Amino acid sequence: MRWMRNTVLFFLVVSGAILVYPHKGGGIIYIDINSPQIRRFYLAFPAIKDLGNTPQGIKEEVEKTLVQDLTISDLFYLMERVKLPQQEAYVTEENIDFVSWKNSGTEFLLSVGIKGERNAVSLEFRLFDAIQGVYVAGKRYHGSLAEIRVILGKLADEVVQQLTGERGIFQTKIAFVTDRTGNKEIAVMDVNSRSETMVTKNGSINISPDWHPDGRSLLYTSYQRRNPDLYQVFISTRNSILLSAVPGPNATPAWSPDGKRIALMMRGENNTEIYLLNEQGKEPVMLTRSWDSKASPTWSPDGKQIAFVSDRSGTPQIYIFDLTTRKLRRLTYEGGYNCSPAWSPKGDRIAFARQEEGRFHLYTIRPDGTDVRRLTKEGSNENPSWAPNGRHLAFTSKQGGNYDIYIMTADGGGPWKVTDTAANETEPTWSPWLQ
Amino acid sequence: MVRSVVRLLVALLVVIPLISFSGCALFEKEQAVTPPETKMTQEEKDKAQRAAEEQKAFEQSLAKKTYPGISGEVWESTQLKDIYFSFDQYDLNEDARKILADTFKVLAAHTGLVIQIEGHCDERGSNEYNLALGEKRAASAKQYLTKLGVQASRLSVISYGEEMPADPGHNEAAWSKNRRCHFVILSR
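Source: prediction; values computed, not measured.

### Quick look at the sheet that holds strand β30 (residues 416-417) of chain A
Residue and element names in this part refer to chain A.
Here's step 1: Strand order across the open sheet formed by four strands is β27-β28-β29-β30, with antiparallel pairing between neighbours. The open sheet terminates on both sides in strands that have one partner only, identified here as β27 (380-386) and β30.
Here's step 2: Pairing analysis gives two bridges linking strand β29 (residues 403-409) to β30, with the strands arranged antiparallel. Bridge pairing in β30 links Ile-407 to Trp-416.

Structure representation (structure tokens):
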């Protein structure tokens, strides 16, 4: 019976992802990522078995990426290979010896097989619950060698989805600013940085990228016309259009969650104010009006409030403007310099950077001003940006001579260094869900 | 040429009434009028020469400047000096006000100048907030120059935030040079 099901499934698989077995977990959520203290599970991930004809180097590349993704997902303790009953294995429902895995301390077992077929590759995984002795889930993927990164993103996300019931972050991207060309350009990379694309190449100063909620374009500010103007660049074509070029800053843009408005900083009267533009970047409406400097608006996920930085107290602090009541309230009181607010897509926290003894550290705070928590320990850390899962954060950190992009989780996982170049990589901004 | 014709006309305007009211005093009056006129010419000559020298010095103080990736060409003048600020501050200290008074003189002497005031910050603090701070610094300088009497239409403002440091270093010596307003000439 079992072999029949297996054979039938084998022939059903053509491309994309198809479940190898119907999963017996029955929608069990093993890991609740919304709980304040996530219990991380012991995961066994034996070395990938080459099931035949895999082009050279691919197996290693796949394994390296998966280890990185599983680490960054921050749901597991990856077990040392030497402690596993099999260091390299292709484990199936037929050949699994649950007892030996359980005795090694394994809670979950992830087994991956790979097979090469001309210029294509077949990849499959099986996930087992070693404690309960059950098969949880599995899928087989098929695609060209060029698509391998996409497949790996899907695979990693499926594993996370099976265990948490929520979407993973490995099919999202991070936009950022790089000065590797000697100026500042906008680039987009995979979450684990193995693949990246420059989306601007104009030789000017290009800063403050912000994703459209549909994930297909970015807003950014560029000085090409000797004014900080607002542009929109489409990721697929890398074509940029000028949206707003009012004299003065058209800067620090933030698309509203419904994509219909753009909050940004524009010139006031000898200062900067927060404005709203329509989605074409036109018809500016001034939201705030006072003498102080304002910058860095960020929307609450329901689109009803905007947090931003103002120095009206004498130092930069974070304030929240309610678009319904038109009332402004101060959010941060401690610290002499609080900046770069980023409202979590879940709405429950706002991340920001605070200057302390000449360095910056990342914090989160509830939108009601309570429960301030420091996230970072080392280096100088700025520009937090939330992943769409509301758990991971990308930020820029200077731990040595230059700035690189790091990822961590709001509950203390990481940080993991994502970019590693001699140049400065700054202002990361995490895309929405892209799939 | 024009100037001597004007002088002649002025002289005639002075002389003709003298002739009509007291014909015999003509020579005396003429003599009395002539010396101050020669003196003024000398003064004006000096002044003209000084102006020419100043203009020459100003021309020599200019250097064309283009910024990579930014359209257009501007001039920098060694006569337009940078002003400096404290960390996270935009108010003008005494030195800055003195420099702006000199800047005012340059603008008053060369009325065709249209300048752009660039607000800059050091690398500390968020890039985004520093854009706001640079704007405020440049606006402070603009306000002061306007108060001194420069037409606002001759002064434009741009904030570069921390994007264009004068000194790429990462210490206070560099930072203090980077917290500045820089003045460039857009047209003259």
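### Thoughts on the interface of chain A and chain B
Here's step 1: Taken together, the 35 residues of chain A in the interface contact 20 residues of chain B.
Here's step 2: Looking at the side of chain A that touches chain B, the elements that each hand over two or more residues are β11 (206-211), β15 (251-255), β16 (261-267), β19 (294-299) and β23 (338-343) of chain A.
Here's step 3: At three residues, the largest contribution of residues to the side of chain A that touches chain B is made by β19 of chain A.

### So, the environment of Phe-98 of chain A
Residue and element names in this part refer to chain A.
Here's step 1: Tracing the chain through its elements places Phe-98 in helix α3 (residues 98-103).
Here's step 2: For Phe-98, a count of 17 C-beta atoms within 10 Å corresponds to the partly exposed category.
Here's step 3: For the pair Phe-98 and Leu-66, spaced 32 residues apart in sequence, the C-alpha to C-alpha distance is 23 Å.
Here's step 4: Leave out the neighbours within four places in its chain, and Phe-98 touches Ala-130 and Gly-133.

### Brief notes about the sheet that holds strand β14 (residues 239-244) of chain A
Residue and element names in this part refer to chain A.
Here's step 1: Ordered in space as β11-β12-β13-β14, the four strands form an open sheet in which the pairing is antiparallel. Among the strands making up the open sheet, the edge pair consists of β11 and β14. Along the sheet, successive strands turn relative to each other by an average axial angle of 30°, direction set aside.
Here's step 2: Relative to strand β13 (residues 229-234), strand β12 (residues 217-222) runs antiparallel, the two sharing six bridges. Bridging across to β13, Leu-219 finds its partner in Gln-232.

### Some remarks on the packing of helix α2 (residues 58-73) of chain A against helix α4 (residues 148-164) of chain A
Residues and elements named next belong to chain A.
Here's step 1: Interhelical geometry of α2 versus α4 gives an angle of 35° and a closest axis separation of 10 Å. The interaxial crossing formed by α2 with α4 has right-handed handedness. Together, Val-62, Thr-65, Leu-66, Asp-69, Leu-70 and Ser-73 of α2 and Ile-148, Leu-152, Ala-156 and Val-160 of α4 make up the contact between the two elements.
Here's step 2: Taken together, the residues of the contact of α2 with α4 break down into seven nonpolar, two polar and one charged.

### A look at unusual backbone geometry
Residues and elements named next belong to chain A.
Here's step 1: Cis geometry marks the peptide bond from Gly-414 to Pro-415; its omega dihedral reads 5°.
Here's step 2: Checked against the element boundaries, Pro-415 lands in the loop between β29 and β30.
Here's step 3: In this structure, Arg-226 is a non-glycine residue whose phi angle is positive, near 55°.
Here's step 4: With respect to the helices and strands, Arg-226 occurs in the loop between β12 and β13.
Here's step 5: We note that Thr-252 has phi near 45°; this positive angle belongs to a residue other than glycine.
Here's step 6: Note on placement: Thr-252 falls in strand β15.

Rules used throughout
- Residues numbered from 1 in each chain as written.
- Chains lettered and ligands numbered in written order.
- Predicted model: local features only at pLDDT ≥ 70, side-chain atom pairs only at ≥ 80, totals over all residues.
- Pairing = 2+ DSSP bridges.
- Helix = DSSP H or I, 4+ residues; strand = E, 2+ residues; numbered from the N terminus.
- Contact = placed C-beta atoms within 7 Å.
- Buried ≥ 20, exposed ≤ 12 C-beta atoms within 10 Å, placed from the backbone.
- Axes fitted to C-alpha atoms, helices over the stretch in contact; angles between N-to-C directions.
- Left-handed = near helix turned anticlockwise from the far one by under 90°.
- Nonpolar A, V, L, I, M, F, W, Y, C, P; charged D, E, K, R; others polar.

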